[in-house]
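# Structural overview
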Amino acid sequence: MHPLALLSVRNQFAGSFVVNIISLSHGFALGWVSPSLEYLQSNGTHLTSGPITVEQTSWLGSSISLGAVFGVVLYGFIADRFGKRTALQLTLVPHVVRHPSLQTLATVTIVPVFKGFWLCIIFARDVMVLCVGRLLSGAAGGGILRIVPLFIADIADCRIRGMLGSLLPVCLNLGTVLAFVLGTFVHFSTFPLVALALPVFFGFTICLIPETPPCLLRALRNERAERSLMFYRGIQGHFAKSDPFRDEFRQLQDVIERERTAPDAGLTWQDFATQPARRGLALAMFLVLLNQCCGSLVLITYATTIFDLASPPTPTHSQPVLPASLASITLATVQLLGTFISLALIDRIGRRILLIVSCLGVSLGYLILAAYVQLVLPLGPPSPLGQLLPIVSLSFSILLASIGLLSVPYIVMAEVLPAKIRNVGSSICITIVAFCAFVLLKIFPILLDTIGLPGTMGGLAMICLIGTPVIAYFLPETQGKSLLPNTTLEGQPTA
């Protein structure tokens, strides 16, 4: 295989980073809850209904996932019909849309999605308005998780696809860290004014990169498709085209042409009944379920509450060794570090090993925290060094989750799904992510209030332990797998 040109790597990273700017913005929305709860639950809140209750807190945390179900369907339709870059552009700037038939749809439904959340925070005087804003933010997040992994799969060389795919969790986690820091040091009303800058910046930069070659070929724009592939492969000018480039583009054209003209080109239920489709969809669904059920999202969302519960009672005038707000920032920073480690390792040691190590490490950290709260705290306040055990154990779990469970499933999802069902299969998987996240975010505060922190963390640990043997025995290694035809893993052509 020919070596990757530096310009090709640069352009692929540039395209992947640009589409992930909106992921960074969504990370701000994900991280907004934890530092804001202290203010919203206090007597000093500006809400006319007063401090929010446990039930309202659960709805505020979980409503983002309800919106994601809507976003997956809407953005999935737009991306499949009009292209992935166009779908991302529509989220922000309807007046530059290239398809007039979508102008009304964009104006009515898309414009409020990314900006609506922050506008709701600015103008909300009731918790219901905040929940509506979270719904809008969730719709945006559903679109991000649906479009970005497939956009990167379309443009990436198989040798760096894992690294480029890891930019999605990196940007989400970086946004969460910045939201924790911003929420700790600026007032509640200032937060959304700062966060609005990212969607605006994304609106400009997304116009600078081309649509993916497969999307352009499906739209019968062959010349633009070739120029797009030239950009992402670092080819400067017609006379610089190499034989490997010509072969790749010809192969891509053949695949898209077969999609259009083959007798069985239309998607039917029988396509989901083949052995590769059943196996691929089952593995993808299991991985995204494990991605949510490992509990990392709820830990980040309710981090301040968790650290309060894991801290010993302190005298009125004394301070804990590490305040809950700073512990939350530490946790989010560790999660970001883990995604960088995953970025470096995923194309070196493979997906399967990262997932197995991740499951075992997350379980161990959760069990240590559960044992600390259940067995150590009742004996009296531990030493200052012992009081750091909750942040150490959760940081260990989050670090190991970020290396595997939080980033790898979205990459493997595009690799194990056969080409014909990849778009629909990914929509099914992201819908499962949204539904599972809603259930966990909704019941987590209630579980903390009923069975307590030890029982809740122990249950999450058991889920991760169960996932370990399933991954070890059933998940094939997909490192370096081509998404074009003649792959042995799927047993059928892919694109």
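On a predicted model such as this, the values are computed, not experimentally measured, just so you know. (Residues numbered from 1 in each chain as written. Predicted model: local features only at pLDDT ≥ 70, side-chain atom pairs only at ≥ 80, totals over all residues. Heavy atoms only, no water.)

### Let's talk about the overall build of the protein
This is how it is decided: Secondary structure elements follow DSSP: runs of H or I no shorter than four residues count as helices, runs of E no shorter than two count as strands, and numbering proceeds from the N terminus. Exposure is judged per residue with a 1.4 Å probe applied to protein chains only, and the accessible area is read against the type maximum: over 50% gives exposed, under 20% gives buried, and values in between give partly exposed. We call two residues in contact whenever any of their non-hydrogen atoms come within 4.5 Å of each other.
Summing up its helical and strand segments, the protein has 24 helices and zero strands in all. Counting every position in the protein, which comprises 495 residues, the buried fraction comes to 57%. A separation threshold of at least 6 residues defines the contact pool for the protein, and within that pool the share at least 24 residues apart is 81%.

### Here's the deal with helix α21 (residues 389-403)
As a reminder of what qualifies: Given the number of residues in a helix, its expected span is that number minus one, multiplied by 1.5 Å.
Taking 1.5 Å as the rise per residue, α21 with 15 residues should run 21 Å; its terminal C-alpha atoms sit 21 Å apart, in good agreement. In terms of residue burial, α21 counts as a mostly covered element, since 11 of its 15 residues are buried. For α21, the complete set of buried residues consists of P390, I391, S393, L394, S395, S397, I398, L400, A401, S402 and I403.

### Topic: the confidence of the model for the protein
Let me state the cut-off plainly: Confidence of the prediction at every residue is given by pLDDT, a number between 0 and 100.
Considering every residue of the protein, the mean pLDDT works out to 82; 88% of them sit at 70 or more. Element-level mean pLDDT values for the protein span from 55 in helix α6 (residues 103-123) up to 93 in helix α13 (residues 222-232). Segment residues 93-113: pLDDT under 50, and 39 contacts once partners within four positions in sequence are set aside and those in other chains are kept. The model gives residues 485-495 a pLDDT under 50, and that stretch makes 40 contacts with residues more than four places away or in other chains.

### Comments concerning the side chain of T45
Convention followed: Any pair of nitrogen or oxygen atoms within 3.5 Å is treated as a polar contact; in protein, a donor-acceptor pairing is required on top of that, and neighbouring residues in sequence qualify only through side-chain atoms on both sides.
Structurally, T45 is set in the loop between α3 (33-40) and α4 (54-82). At 3.3 Å, the side chain of T45 forms a polar contact with the backbone nitrogen of L47. Residues within four places of T45 in sequence aside, it is in contact with Y39, L40, G50 and P51.

### Examining empty space enclosed by the protein
How we decide: Cavity and pocket criteria rest on a 1 Å grid covering protein atoms alone: a 1.4 Å probe that fits but cannot get out defines a cavity, protein on both sides within 12 Å along at least 5 of 7 lines defines an open pocket, and an atom within 4 Å of a point defines a lining residue. Grid points are joined across faces, edges and corners, and a volume is the space filled by probe spheres set on the points.
Taken as a whole, this structure holds four cavities of 30 Å³ or more when the rule is applied. When residues of the lining of the largest cavity are traced back to their parent elements, those giving at least two are α2 (21-31), α4, α7 (127-155), α9 (167-185), α16 (275-293), α17 (296-301) and α23 (422-450). For the lining of the largest cavity, the leading source of residues is α9, giving five residues.

### Quick word on unusual backbone geometry
Phi is positive for L220, which is not a glycine, with a value near 65°. Along the chain, L220 turns up in the loop between α12 (213-218) and α13. Residue classification places L220 among the exposed residues on the basis of a relative accessible area of 60%.

### A word on the nonpolar core
This is how it is decided: Remark: nonpolar core denotes a set of buried residues (Ala, Val, Leu, Ile, Met, Phe, Trp, Tyr, Cys) joined through side-chain atoms within 4.5 Å.
Within the largest apolar cluster, 127 residues are counted, with the highest numbers of intra-cluster contacts made by W32, L40, W118, L394 and M457. At 10 residues, α7 tops the list of elements feeding residues into this core. Filtering out sequence-adjacent residues up to four positions away, W118 remains in contact with S25, F28, A29, W32, F191, P192, A195 and L196. Residues L216, L217, L229 and I256 belong to the second largest nonpolar core, which totals 10 residues.

### Comments concerning the packing of α13 against helix α14 (residues 243-261)
Between two packed helices, both the angle of their axes relative to each other and the distance between the axes serve to describe the pair. What counts here: For helices, the axis comes from a line fit to the C-alpha atoms of the stretch in contact; other axes are also lines fit to C-alpha atoms, and the angle between any two N-to-C directions lies between 0 and 180 degrees. Small angles under 35 degrees read as roughly parallel and large ones over 145 as roughly antiparallel, with 65 to 115 read as roughly perpendicular and the rest as oblique. In this scheme, a crossing is called left-handed if the near helix is turned counterclockwise away from the far one by less than a right angle; it is called right-handed if the turn is clockwise. Residues are grouped as follows: Ala, Val, Leu, Ile, Met, Phe, Trp, Tyr, Cys and Pro are nonpolar; Asp, Glu, Lys and Arg are charged; every other residue, Gly included, is polar.
For the pair α13 and α14, interaxial distance at closest approach is 11 Å and the crossing angle is 135°. Relative to α14, the element α13 is oriented oblique. Crossing of α13 against α14: the hand is right-handed. Residues N222, A225, E226, L229 and M230 of α13 lie in contact with α14, whose contacting residues are F245, E248, F249 and Q253. Considering only residue class, the contact of α13 with α14 consists of five nonpolar, two polar and two charged.

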